[in-house]
Amino acid sequence: MSKPSTKVSRRQQILESLAHMLEVSPGARITTAALAKEVGVSEAALYRHFPSKSKMFEGLIEFIEETLFTRINLIINDESSALARCNKIIYLLLTFTERNPGITRLLTGDALTGETERLRARVAQLFDRLETQIKQILREAEIREGVRPTLPVTAAANLLMATAEGRIAQFVRSEFKRPPTESWEEQWPVLVNGFFREALQPIN
C-alpha cells in the first residue's frame, strides 16, 4: 500500500480530533476554533480540507456508513440463519457505538443541535438502511428457512432496531458510562423468544 498523502493524513487527523472532542465534551458545541487548536493548525488550514464544519460531520457519518455496511455484507455472506444475521448486525451496531462514543453522539443527534438539517436527514437515512436490511433478512427467512416472524415484517424489524437505538441513547445519556452491549447476550434470547414460527402456520 502506498504511503498516504499529507492531505489525506491531515484530513484523517481532523476527523479523529473532532471525534475525540465529541467524546470528551459531551453536550458541548464544537467550534472550528477549538477544533483547530486540538489539531494544532489554524482555522484556515481546517477549511483547506473541509469547506465547513458540516462537511467534517459528514466525513464522520461517511466513516460510520462505510464501516457498518462493509461488515454487514460480511455477516450476510458468513451467516445463513436469519436470527444469527440479525443478532450479529445489531451487535455490530452496539459494539461500534461502544468503541466510538464521540461519533455515537452524531447518531443520536445529540451533537447536531444547531447544525444543518441535511446532517440529521443523513443519520436518519443510515438507520433506515439498517432497518431495511433487517426487513430483507426477515423476508428471506421464509424462503431460506421456512419460517417467518410472528409480527408483520415491518413491525418485527422495527422492534429490533428500536431496541438497539434505545440502548445507544442510554449510552449517550449516561455520558458513556452504560455500555450498549451490557447484558446483551442474556437479553437477546429473551427478545427473540417466539420471534419466528413455521411459515405454513397461520398468523392470528
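These notes cover the structure that comes with them. The structure displayed is predicted, hence computed values, not measured ones.

With that out of the way, let us pick up the overall build of the chain. Summing up its helical and strand segments, the chain has 9 helices and 2 strands in all. Sequence-ordered secondary structure for the chain, helices as α and strands as β, is α-α-α-α-α-α-α-β-α-α-β. In terms of overall dimensions, the chain has C-alpha extents of about 65 × 40 × 30 Å along its principal axes. Per-residue burial over the chain gives 43% buried out of 204 residues.

Tallied over the full model, the rule gives 11 salt bridges. Between K53 and E115 there is a salt bridge, with its nearest N and O atoms 3.1 Å apart. Linking K53 in helix α4 (residues 53-78) with E115 in the loop between α6 (101-107) and α7 (117-145), this pair joins segments that are 62 residues apart in sequence. Assigned by exposure class, K53 and E115 land together as buried. Salt-bridge contacts for E62 lead to R122; the nearest nitrogen and oxygen are separated by 3.7 Å. A residue pair is termed long-range when its members are at least 10 positions apart, and E62 in helix α4 and R122 in helix α7 qualify at 60 residues. Accessibility expressed as a relative area gives 35% for E62, which makes it partly exposed. Salt bridges sharing partners connect three or more residues here, namely K55, E58, E62, E65, R118 and R122.

Moving on, we get to the packing of α4 against α7. Describing two packed helices takes the angle between their axes plus the distance from one axis to the other. Packing of α4 against α7 leaves a shortest axis separation of 10 Å and a crossing angle of 5 degrees. In terms of their interaxial angle, α4 and α7 are classed as roughly parallel. Residues S54, K55, F57, E58, I61, E62, I64, E65, L68, F69, I72 and I76 of α4 touch α7, and the partners they reach there are R118, L119, R122, V123, L126, R129, L130, Q133 and I137. Looking at side-chain class alone, the contact of α4 with α7 contains 12 nonpolar, 2 polar and 7 charged residues.

Evaluated as defined, the whole model comprises 4 aromatic pairs. On the basis of an interplanar angle of 40 degrees and a centroid distance of 6.0 Å, the ring pair of F63 and F96 is categorised as tilted. On the criterion of sequence distance, the pair formed by F63 in helix α4 and F96 in helix α5 (residues 82-99) is long-range, its members being 33 residues apart. Since its relative accessible area comes to 4%, F96 is described here as buried. The interplanar angle of 55 degrees and the centroid separation of 5.2 Å between the aromatic rings of F171 and F176 together place this pair among those described as tilted. A relative accessible area of 3% places F171 in the buried class. Cation over ring: R129 sits above F69, and NZ or CZ is 3.6 Å from the ring centre.

Here we come to unusual backbone geometry. Positive phi outside glycine occurs at F176, with the angle close to 70 degrees. Mapped onto the secondary structure, F176 falls in the loop between α8 (153-173) and α9 (184-191). Look at F176 and you get buried, because its relative accessible area is 17%. Phi at S183 takes a positive value of approximately 65 degrees, unusual for a residue other than glycine. Of note, S183 is situated in the loop between α8 and α9.

The next subject is the nonpolar core. Counting 58 residues, the largest nonpolar core has L35 and L138 as the members making the most contacts within it. For L35, the residues in contact, after removing those within four places along its chain, are I14, S17, L18, M21, I30, L46 and M56.

Here E131 is to be found in helix α7. Ignoring anything within four residues of it in the chain, the contact list for E131 reads T154, A157, N158 and M161.

Quick notes on the rules
- Residues numbered from 1 in each chain as written.
- Predicted model: local features only at pLDDT ≥ 70, side-chain atom pairs only at ≥ 80, totals over all residues.
- Heavy atoms only, no water.
- Helix = DSSP H or I, 4+ residues; strand = E, 2+ residues; numbered from the N terminus.
- Buried < 20%, exposed > 50% of the residue type's maximum accessible area, 1.4 Å probe, protein only.
- Salt bridge = Lys/Arg side-chain N within 4 Å of Asp/Glu carboxyl O.
- Axes fitted to C-alpha atoms, helices over the stretch in contact; angles between N-to-C directions.
- Parallel < 35°, antiparallel > 145°, perpendicular 65-115°, else oblique.
- Contact = heavy atoms within 4.5 Å.
- Nonpolar A, V, L, I, M, F, W, Y, C, P; charged D, E, K, R; others polar.
- Phe/Tyr/Trp six-rings, centres within 6.5 Å; stacked < 30°, edge-to-face > 60°.
- Lys NZ or Arg CZ within 6 Å of the ring centre and 35° of its normal.
- Core = buried A, V, L, I, M, F, W, Y, C linked by side-chain atoms within 4.5 Å.

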